[in-house]
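Overview (structure and organization)
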Amino acid sequence: VTSPCKILKCNSEFWAATSGSHHLGTEEAPEFCTALRAYAHCTRRTARTCRGDLAYHSAVHGIDDLMVQHNCSKDGPTSQPRLRTLPPGDSQERSDSPEICHYEKSFHKHSAAPNYTHCGLFGDPHLRTFTDTFQTCKVQGAWPLIDNNYLNVQVTNTPVLPGSTATATSKLTIIFKSFQECVDQKVYQAEMDELPAAFADGSKNGGDKHGANSLKITEKVSGQHIEIQAKYIGTTIVVRQVGRYLTFAVRMPEEVVNAVEDRDSQGLYLCLRGCPLNQQIDFQTIRSAQATEGRARRKGPSLQASPEAFTYETATAKCREKLPVEDLYFQSCVFDLLTTGDVNFMLAAYYAFEDVKMLHSNKDKLHLYERTRDLAPSNTAPSGTPPTLWVALLCLSQCWLGLL
């Protein structure tokens, strides 16, 4: 399901019309105002369908600010002239930046190295929080993933098929807030079948400030994998499109994670607080039911990839091809194959774990195992014990008792 909100188109048209506009002389200022009015007109046309879109609201506020800065009248022509392109030596190509724009140098010059944390969202959807809590959630619609003094991240999850309880991430909006002499406010937005290698304004770095290159987008695989480096806050973000849907992973210092004005009234923030209880799916109960059924719930033919009817056994075998360790990434893969029948969800779990290996600072915590709360109280396993290992130990103890 593609979004009817066309704010990305408005942003790109304005960027195309005003590339190099910060180098314009006063005699060309009317042309910038013309392009700005066209931008405002474009946003008004899509206002109804963009009401809940962060990039849309950011654009509207940005237009108002630019109107004031350039003394533009809201009345006048709205045709979009082509202005000069960026000349050589523009900030897009700068390699130097002030120390304040390098997190480790500026914040930790005389102290210990920062402690980095990781959050990831993938599949149907599965969430790994900054505290290494793993949840499977519904969270249909738009939800804030990260919200602090430096950036906001919002995801939109839509049903895999109409009427299905299985949802996946179809849209992602990241807003990097303006920061000192490092970066201007920048918006990145991705949707199903549209993974741009640039910010919404067409740029690939932090704008016109001296430290603009402390924020950069790099395209790793065209249309499939981008990486955003925000060095001024020590943060790395990875966004992928796997099949039709998006995955998100971030590495961020704890200091940045907790940088909020009023934490008590901050509201919901999935990467920090996890999904609300009423949005969480009891992973173990559903997985046990799936294993008992021994067959998949067929979801119909409208997925792009040809769906398969997986049994618990065939889903397990398929997931082992990419995920040999039976941790929660493996269990998520099995869950998603049985729920959706789409093999791309296996790849989503695989790439999510690959991102963890790259981004997580504690290599001993890469694998996560579920708490065995489905065991009887007298047989409760220690937290973090792999389920298959615990079952083997139980069997071994029973056999030993039989011999006695």
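Structure shown above.
A quick note: this is a predicted structure, and the numbers were derived from the prediction, not measured.

**Description of unusual backbone geometry**
You will see that Gln180, though not glycine, has its phi angle at about 40 degrees, which is positive. Secondary-structure assignment places Gln180 in the loop between β6 (167–176) and β7 (186–191). For Asp193, which is not glycine, the phi torsion reads 65 degrees and is therefore positive. Position of Asp193 among the secondary structure elements: in the loop between β7 and β8 (215–221).

**Quick look at the pairing of β6**
The buried fraction of β6 is high, at ten of ten residues. Sheet analysis places strand β5 (residues 151–159) next to β6, joined by nine bridges and oriented antiparallel. Looking across to β6, one finds that Gln154 is bridged to Thr173. Looking at chain direction, β6 and β7 are connected through six bridges and run antiparallel. The residue of β7 that forms the bridge with Ile174 is Tyr188.

**Points about the packing of aromatic side chains**
Within this structure, the stated rule accounts for nine aromatic pairs. An angle of 80 degrees between the planes, with centres 6.0 Å apart, marks the rings of Phe176 and Phe199 as edge-to-face. Taken together, the positions of Phe176 in strand β6 and Phe199 in the loop between β7 and β8 put the pair 23 residues apart, joining distant regions of the chain. A relative accessible area of 3% means that Phe199 is categorised as buried. Through pairs of rings, three or more aromatic residues link up here, namely Phe122, Phe134, Tyr329 and Phe353. Over the aromatic face of Tyr116 sits the side chain of Arg251, whose NZ or CZ is 3.7 Å from the ring centroid.

**Quick notes on the state of the cysteines**
Applying the stated criterion across every chain, the model contains six disulfides. There is a disulfide in this structure between Cys10 and Cys42, and the S-S distance comes to 2.0 Å. What sets the handedness of the Cys10 and Cys42 disulfide is the S-S torsion sign, and at about -80 degrees it is left-handed. Separated by 32 residues along the polypeptide, Cys10 in helix α1 (residues 7–18) and Cys42 in helix α2 (residues 29–45) bring together distant segments of the chain. Take Cys10: its relative accessible area is 2%, and that puts it in the buried class. One disulfide in the model links Cys101 with Cys182; its S-S distance is 2.0 Å. Residues Cys101 and Cys182 are joined by a disulfide whose S-S torsion is about -95 degrees; by sign, that bridge is left-handed.

**Regarding the sheet that holds strand β3 (residues 134–136)**
The strand order across the open sheet formed by seven strands is β3-β2-β1-β11-β10-β9-β8, and the pairing between neighbours is antiparallel. Whereas interior strands pair on both sides, the edge strands pair on one side only; in this sheet they are β3 and β8. Strand-to-strand twist of the sheet, defined as the mean angle between neighbouring strand axes without regard to direction, takes the value 10 degrees. Both strand β9 (residues 225–230) and strand β10 (residues 235–242) contribute to a ladder of six bridges, which runs antiparallel. Within β10, the position partnered with Glu227 by the bridge is Val238. Sitting on the sheet, helix α10 (residues 344–359) is in contact with β1 (116–122), β2 (126–128), β9, β10 and β11 (245–253), with an inclination near 165 degrees to β10.

**Some details on helix α9 (residues 328–340)**
Think of an α-helix as 3.6 residues a turn; residues three or four steps apart then line up on the same face. Taking 1.5 Å of rise per residue, the 13 residues of α9 would be expected to cover 18 Å, and the 18 Å separating its terminal C-alpha atoms lies within 8% of that figure. Backbone nitrogen of Tyr329 and a side-chain oxygen of the N-cap are separated by 3.2 Å at the start of α9; the cap is Asp327. In the stretch just after α9, Gly341 is the one whose phi turns positive, near 75 degrees.

What counts, and where the lines are drawn
Residues numbered from 1 in each chain as written. Predicted model: local features only at pLDDT ≥ 70, side-chain atom pairs only at ≥ 80, totals over all residues. Heavy atoms only, no water. Helix = DSSP H or I, 4+ residues; strand = E, 2+ residues; numbered from the N terminus. Buried < 20%, exposed > 50% of the residue type's maximum accessible area, 1.4 Å probe, protein only. Pairing = 2+ DSSP bridges. Phe/Tyr/Trp six-rings, centres within 6.5 Å; stacked < 30°, edge-to-face > 60°. Lys NZ or Arg CZ within 6 Å of the ring centre and 35° of its normal. Disulfide = S-S within 2.5 Å. Axes fitted to C-alpha atoms, helices over the stretch in contact; angles between N-to-C directions. Contact = heavy atoms within 4.5 Å. Expected span 1.5 Å × (residues − 1). Polar contact = N/O pair within 3.5 Å; in protein donor to acceptor, adjacent residues only side chain to side chain.

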